[in-house]
Amino acid sequence: MGRRQLSKARAGGPVARTARTKARPPGGAVLAHDRGWRREARAAWYCGAALAGVLVLADLARGGLDGPRAACWTGLGALLLAVLLPQRVTAGDGWLAVRGLLGEKRVRTDLLTQVRRADGMTPRLVLRDAGGNRVEFDPQVLVANPLLWHRLDTGVRRARESGLLREGGAPLAELAERIDGEGARRLLDGCEW
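For clarity, every value in this text was computed on a predicted model and none was experimentally measured. (Residues numbered from 1 in each chain as written. Predicted model: local features only at pLDDT ≥ 70, side-chain atom pairs only at ≥ 80, totals over all residues. Heavy atoms only, no water.)

Concerning the sheet that holds strand E5 (residues 112–118)
Then comes step 1: Here we have three strands laid out as an open sheet, ordered E5-E6-E7, and antiparallel in their pairing. In this open sheet, the two edge strands, each paired with only one partner strand, are E5 and strand E7 (134–137). Adjacent strand axes in the sheet meet at a mean angle of 15 degrees, parallel and antiparallel pairs treated alike.
Then comes step 2: Two strands pair when backbone bridges link them, and E5 and strand E6 (residues 124–129) are joined in this way by six bridges, in the antiparallel orientation. (Pairing = 2+ DSSP bridges. Helix = DSSP H or I, 4+ residues; strand = E, 2+ residues; numbered from the N terminus. Axes fitted to C-alpha atoms, helices over the stretch in contact; angles between N-to-C directions.)

Thoughts on the pairing of strand E2 (residues 88–92)
Consecutive residues of a regular strand have side chains that alternate between opposite faces of the sheet.
Then comes step 1: Most of E2 sits inside the fold, with four of its five residues counted as buried.
Then comes step 2: In this sheet, E2 lies alongside strand E1 (residues 32–33) in antiparallel orientation, the contact comprising two bridges. Across the sheet, residue Ala-32 finds its bridge partner in E2, namely Ala-91.
Then comes step 3: One ladder, built from five bridges, connects E2 with strand E3 (residues 95–100); its direction is antiparallel. (Buried < 20%, exposed > 50% of the residue type's maximum accessible area, 1.4 Å probe, protein only.)

Concerning the packing of helix H3 (residues 37–62) against helix H4 (residues 67–84)
When two helices pack together, their arrangement is given by the angle between their axes and by how far apart the axes lie.
Then comes step 1: Between H3 and H4, whose axes approach to 8 Å, the crossing angle comes to 160 degrees. Relative to H4, the element H3 lies roughly antiparallel. When the axes of H3 and H4 are compared, the crossing they make is right-handed. Counted together, Ala-44, Trp-45, Cys-47, Gly-48, Leu-51, Ala-52, Leu-55, Val-56, Asp-59 and Arg-62 of H3 and Arg-69, Trp-73, Thr-74, Leu-76, Gly-77, Leu-80, Leu-81 and Leu-84 of H4 form the full contact between these two elements.
Then comes step 2: Residues that form the contact of H3 with H4 fall into these classes: twelve nonpolar, three polar and three charged. (Parallel < 35°, antiparallel > 145°, perpendicular 65-115°, else oblique. Left-handed = near helix turned anticlockwise from the far one by under 90°. Contact = heavy atoms within 4.5 Å. Nonpolar A, V, L, I, M, F, W, Y, C, P; charged D, E, K, R; others polar.)

Some remarks on the sheet that holds E3
Then comes step 1: Reading across from one edge, E1-E2-E3-E4 is the order of the four strands in this open sheet, with antiparallel pairing throughout. Only two strands of the sheet have a single neighbouring strand rather than two, namely E1 and strand E4 (103–108).
Then comes step 2: Docked against the sheet, helix H6 (residues 146–162) engages E1, E2 and E3, running at close to 50 degrees with respect to E2.

Focus on the packing of aromatic side chains
Then comes step 1: Counted under the stated rule, the structure contains zero aromatic pairs.
Then comes step 2: Against the face of Trp-37 rests Arg-88, its NZ or CZ located 4.2 Å from the ring centre.
Then comes step 3: The ring of Trp-95 has Arg-106 sitting right over it, with the charged end atom 4.0 Å from the ring centre. (Phe/Tyr/Trp six-rings, centres within 6.5 Å; stacked < 30°, edge-to-face > 60°. Lys NZ or Arg CZ within 6 Å of the ring centre and 35° of its normal.)

Re the layout of surface pockets
Then comes step 1: If you add up the space inside the largest pocket, you get close to 290 Å³.
Then comes step 2: Lining the largest pocket we find 15 residues, and of these Asp-34, Glu-40, Pro-86, Asp-138 and Val-141 sit closest to its centre.
Then comes step 3: Elements that contribute at least two residues to the lining of the largest pocket include exactly H3 and helix H5 (140–144).
Then comes step 4: Broken down by element, the lining of the largest pocket gets its largest block of residues, three residues, from H5.
Then comes step 5: Residue classes in the lining of the largest pocket are distributed as five nonpolar, five polar and five charged.
Then comes step 6: The volume enclosed by the second largest pocket comes to roughly 210 Å³.
Then comes step 7: Along its surface, the second largest pocket is lined by Gln-87, Val-98, Gly-100, Leu-101, Leu-102, Gly-103, Lys-105, Arg-124, Arg-134, Val-135 and Glu-136.
Then comes step 8: At the level of secondary structure, the elements contributing two or more residues to the lining of the second largest pocket comprise E3, E4 and E7.
Then comes step 9: Here the element with the most residues in the lining of the second largest pocket is E7; it accounts for three residues. (1 Å grid on protein atoms, 1.4 Å probe; cavity = no way out; pocket = protein on both sides within 12 Å on 5 of 7 lines; lining within 4 Å. Points joined across faces, edges and corners; volume = space filled by probe spheres on them.)

These results come straight from atomic positions and should not be treated as a statement about function.
What follows is the structure, encoded as structure tokens:
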């Protein structure tokens, strides 16, 4: 009996499906998303296609285009697309998800234990929750999308109230100040004196 249930779980049977649905955070509906993602993804596709097209046309004009070379140029265009394609950040009630080339990662914002800023070529915001889940993304996404920031901030407040979030006050305060400054600047730019 135990072997049959185990094989059902491996094959994606009812045992495996129930385990996956229980692991999902509550409130699965997407309530906020990165509004600039579609534009940036389209630009990445255009750049990848343009590079492949230019290389194929140059090789064709030179008279040296064959199958392997066309595949190589197409591969270079696909590589450029993979490098330029932005991560998609979405949020709902109590969760934040980041979808990249290799899949989606989620954290429960109401169960956050750590928030830190990773500096490098581009600054990154790293979030960890009590379940061991981790996401990493560009904080500029939150600056450009106040609804995403609101969802994250609501979860952070819940995590602080429950005593889970003890590390990460400085990066969040800095980010909140930056977002408030950008919002005030946008508001004042729209006013006519």
